[in-house]
Amino acid sequence: MGGGGGCCVGDFCCIANCGFCCIGDFFSCSDSGCCVGNCGDTSTNSRTAEEDHAALIANELAEMRERSATDAKNQEGEIIDDVNETMQEFIKWIREINKQKIGGRNLNINIKQIEELNEALRKKIVGFIGKKLDDRLIMTDPEVSTILAEHDAATRKKNFDDFYVARKREAIRALIEEIETSVREQSDSIEREIQNRIKELDNNMQQEARAFDDLRKMKVEQDSRLATKQVEYMYYDNLCDIMLDELKTSSLNVGR
């Protein structure tokens, strides 16, 4: 341990294992400052760098989640506005249809049901994109953990932005599919109601047609019976006239 005047210098005692530095010459090593600010501090610096990186990526993840919440809320709001505009146009069309008459009767499609279905769809949209993004923007997600492990800030940011954009597109596509399914179910429900209503009106009209036909037949029968009675009355009337004429003639002859 001795030569060179400085602790461990020339002995390579600190190479690879500072813990064994200056063995056998502790005080000398201590006095000369052996390893101070070298191996022991390297361990400390390594832990600090890892902690700093962990804090940095935690902040980046929190910022991305905050960004996703804002983006999702705005995107969902735009979609809700589009759906509401479309549904209002549809309800307006139904109201016009309800004014028309089929066989003298209004169709009377249930608009309240359409409004309830629209409200149910709106509730599905709210939070849909945000939930999809939140499920992926977590440290335990394999893709996220790999991205955040990157120490180069520029590369990490690009990869994280690309990941976010891709997941956002997936969430929007999933929402569109959900909306299409709901609208299809609504359309099927409304179509069934329209068909049922038309069938109901058709049945009513058929019943009324049968009733009218029955009335017409009764009138024909009544007219026939009235005609028969009229002939009978005419016969009796003529017969009475003939009898009266006979009686008059007989009375005249008796007077002679």
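This structure is a prediction, so every number in the text was calculated from the model and none was measured.

1. Quick word on the overall build of the chain
Working step 1: Along the chain, the regular secondary structure elements total 6 helices and 2 strands.
Working step 2: When the elements of the chain are put in sequence order from the N terminus, they spell out α-α-β-β-α-α-α-α.
Working step 3: Every one of the 256 residues in the chain was classed for burial, and the buried ones make up 23%.
Working step 4: Residue pairs at least 24 apart in sequence account for 67% of intrachain contacts in the chain once pairs closer than 6 positions are excluded.
Working step 5: Accessible area of the chain: about 18,000 Å², with a carbon and sulfur share of 54%.

2. Structural notes on a negative patch on the surface
Working step 1: On the surface, a cluster of negative charge is made up of E78, D81, D82, E85 and E89.
Working step 2: You can see E89 is positioned in helix α2 (residues 39-99).

3. Observations regarding the pattern of salt bridges
Working step 1: Per the counting criterion, the structure on display carries 15 salt bridges.
Working step 2: Residues R156 and E60 are paired through a salt bridge, measuring 2.8 Å at the closest nitrogen-oxygen approach. Taken together, the residues R156 in helix α6 (residues 153-255) and E60 in helix α2 connect sequence positions 96 residues apart.
Working step 3: Across the salt bridge formed by R67 and D161, the nearest N and O atoms sit 3.3 Å from each other. Of this pair, R67 sits in helix α2 while D161 sits in helix α6; the two residues are 94 residues apart in sequence, bridging distant segments of the chain.
Working step 4: Taking the relative accessible area as the measure of exposure, R67 reaches 34% and is therefore partly exposed.
Working step 5: The network of salt bridges with common partners includes R136, D141, E143, R167 and E170.

4. Here we look at the environment of A171
Working step 1: Mapped onto the elements, A171 comes out in helix α6.
Working step 2: Taking C-alpha positions, A171 is 8.8 Å from K131, a pair spaced 40 residues apart along the chain.
Working step 3: When residues no more than four places from it in sequence are discounted, the contact partners of A171 are F128, I129 and K132.

5. So, the layout of surface pockets
Working step 1: Computed from the structure, the largest pocket encloses a volume of approximately 200 Å³.
Working step 2: Around the largest pocket, the lining residues are E60, E63, M64, R67, A153, R156, K157, F160 and D161.
Working step 3: Of all elements in the fold, only α2 and α6 reach the threshold of two or more residues within the lining of the largest pocket.
Working step 4: Here the element with the most residues in the lining of the largest pocket is α6; it accounts for 5 residues.
Working step 5: Looking at the lining of the largest pocket residue by residue, the class counts come to 3 nonpolar, no polar and 6 charged.

6. Digging into the nonpolar core
Working step 1: Among the nonpolar cores identified, the biggest contains 34 residues, and I125, I129, L137 and F160 are the most heavily contacted of them.
Working step 2: Looking at this core, the elements that each hand over two or more residues are α2, α3 (111-125), α4 (128-136), α5 (142-148) and α6.
Working step 3: The biggest single contributor to this core is α2, with 11 residues.

7. Thoughts on the side chain of R167
Working step 1: Relative to the elements of secondary structure, R167 occurs in helix α6.
Working step 2: Classification of R167 as buried rests on a relative accessible area of 12%.

8. So, the environment of Q100
Working step 1: Positionally, Q100 belongs in the loop between α2 and β1 (101-102).
Working step 2: Filtering out sequence-adjacent residues up to four positions away, Q100 remains in contact with R105, N106 and L107.

9. Description of α3
Working step 1: Taking 1.5 Å of rise per residue, 15 residues should cover 21 Å, and α3 covers 21 Å from first to last C-alpha, within 8% of that figure.
Working step 2: The opening residue of α3, the one whose side-chain oxygen lies 3.1 Å from the backbone nitrogen of K112, is N110.
Working step 3: Backbone geometry just after α3 places G127 at a positive phi near 85°.

10. Some details on the environment of E150
Working step 1: By the element assignment, E150 lies in the loop between α5 and α6.
Working step 2: According to the relative accessible area criterion, E150 is partly exposed, its value standing at 29%.
Working step 3: Remark: the alpha-carbon pair of E150 and I57, spanning 93 residues in sequence, is separated by 9.5 Å.
Working step 4: Apart from residues lying up to four places away in sequence, E150 is in contact with H53, T155 and R156.
Working step 5: Here the side chain of E150 touches D152 through a polar contact of 2.9 Å, landing on its backbone nitrogen.

Conventions and cut-offs
Residues numbered from 1 in each chain as written. Predicted model: local features only at pLDDT ≥ 70, side-chain atom pairs only at ≥ 80, totals over all residues. Heavy atoms only, no water. Helix = DSSP H or I, 4+ residues; strand = E, 2+ residues; numbered from the N terminus. Buried < 20%, exposed > 50% of the residue type's maximum accessible area, 1.4 Å probe, protein only. Contact = heavy atoms within 4.5 Å. Areas by Shrake-Rupley, 256 points an atom, 1.4 Å probe, with all protein chains shown as cover. Patch = residues over 30% accessible without salt bridge, like charges linked within 9 Å, V, L, I, M, F, W, Y side chains within 5 Å. Salt bridge = Lys/Arg side-chain N within 4 Å of Asp/Glu carboxyl O. Lys, Arg positive; Asp, Glu negative; His and termini not counted. Charge placed at Lys NZ, Arg CZ, Asp CG, Glu CD. 1 Å grid on protein atoms, 1.4 Å probe; cavity = no way out; pocket = protein on both sides within 12 Å on 5 of 7 lines; lining within 4 Å. Points joined across faces, edges and corners; volume = space filled by probe spheres on them. Nonpolar A, V, L, I, M, F, W, Y, C, P; charged D, E, K, R; others polar. Core = buried A, V, L, I, M, F, W, Y, C linked by side-chain atoms within 4.5 Å. Expected span 1.5 Å × (residues − 1). Polar contact = N/O pair within 3.5 Å; in protein donor to acceptor, adjacent residues only side chain to side chain.

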